[in-house]
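Structure assessment
Residue-level listing of the chains:
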Amino acid sequence: MKELEYLFKNNRQWADRLRSYDPEFFRELAEQQTPEFLWIGCSDSRVPANDIVGLMPGELFVHRNVANLVVHSDINALSVIQFAVDVLKVRHIIVCGHYGCGGVRAAMQQQELGFIDNWLRHIRDVHQQHCGELEQLETHEQRLNRLCELNVMEQVNHVCQTSIVQNAWARGQELSVHGWIYAIEDGHLRDLYLSIDNQQQVHPRYRVFLDEETDSRKATGQQ
Ligand code: CO
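Anyway, here's the lowdown on the structure attached to this text. For clarity, every value in this text was computed on a predicted model and none was experimentally measured. (Residues numbered from 1 in each chain as written. Predicted model: local features only at pLDDT ≥ 70, side-chain atom pairs only at ≥ 80, totals over all residues. Heavy atoms only, no water.)

1. Here's the deal with the coordination of the cobalt ion
- For the cobalt ion, the full set of protein donor atoms is C42 (SG), H98 (NE2) and C101 (SG), and the range of their distances to it is 2.1 to 2.3 Å.
- Sequence positions of the residues that donate to the cobalt ion give the spacing C-x55-H-x2-C. Residue C42 is found in strand β1 (residues 37-42), and its partner C101 is found in the loop between β3 (92-98) and α5 (102-107); the two are separated by 59 residues along the sequence. With respect to burial, C42 and C101 carry one shared label: buried. (Donors = N, O, S within 2.8 Å, 3.2 Å for Na, K, Ca; no water. Helix = DSSP H or I, 4+ residues; strand = E, 2+ residues; numbered from the N terminus. Buried < 20%, exposed > 50% of the residue type's maximum accessible area, 1.4 Å probe, protein only.)

2. Quick word on the nonpolar core
- The biggest cluster of nonpolar side chains holds 46 residues, and the ones touching the most others in it are L38, I81, I93 and V159.
- Broken down by element, the residue count for this core peaks at eight residues, all from helix α8 (residues 140-161).
- Residues within four places of I81 in sequence aside, it is in contact with L38, I40, V70, I93, V159, I164 and V165.
- Within the second largest apolar cluster, seven residues are counted, among which are W39, A49, L60 and I94. (Core = buried A, V, L, I, M, F, W, Y, C linked by side-chain atoms within 4.5 Å. Contact = heavy atoms within 4.5 Å.)

3. Some remarks on the packing of α8 against helix α9 (residues 163-170)
- Relative orientation of the contacting elements α8 and α9 amounts to 60°, with a least axis distance of 5 Å. One way to sum up the angle between α8 and α9 is to call them oblique. Residues V159, C160 and Q161 of α8 pack against S163, V165, Q166 and W169 of α9.
- Considering only residue class, the contact of α8 with α9 consists of four nonpolar, three polar and no charged. (Axes fitted to C-alpha atoms, helices over the stretch in contact; angles between N-to-C directions. Parallel < 35°, antiparallel > 145°, perpendicular 65-115°, else oblique. Nonpolar A, V, L, I, M, F, W, Y, C, P; charged D, E, K, R; others polar.)

4. A short note on the environment of Q166
- Take Q166: it is sitting in helix α9.
- Once the C-alpha coordinates of Q166 and N198 are considered, the two residues, 32 residues apart in sequence, prove to be 7.8 Å apart.
- If near-sequence neighbours (up to four positions away) are discounted, Q166 is found in contact with C160, Q161, Q199, V202, Y206, R207, V208 and F209.

Structure representation (structure tokens):
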């Protein structure tokens, strides 16, 4: 595969560069990973998780899919969340969307794209839920970007609605879930000021435990 050779060349240069800063870097990394963060972001090639937040290998556990969705029956995303929370014991889960997201844009169109339409349906649901607010906005671009933000907020809620996150809170594990958005135009991250760190912030309909039950679990350290 001659045309891909430059990727291997890049890789060796990258590894040499890291080793020149710290000769033991890869050896130590091979022994364990202790990331504090789980990043749930879009697959978009312009939104590279580690680079955006300046973190090294080993510091960020990452899950990416089209339009950074957390679907309650997606065993891929749920497995990532469970491993991150129960085994790696991350302190923060960051759902990071981005403005101008192609997945969100596609979900706003009345055009068949194929199998992916089934995935994008989840964004259509968010659009439908917030139709009133979105219609107030003047331009398509404004509606698109607001839907990108609303989608992040919805996915933050989905993370918090999982039994995985609620179980972690119930046993007293420190865990916060945040909603952020990235602008490809200037490379800046923006906080959507949505951070959830306990079950009381979850809509009662989606609480896995009664509040008293949570308190008693915490007291006895029960899983
Ligand atoms: Co995207």
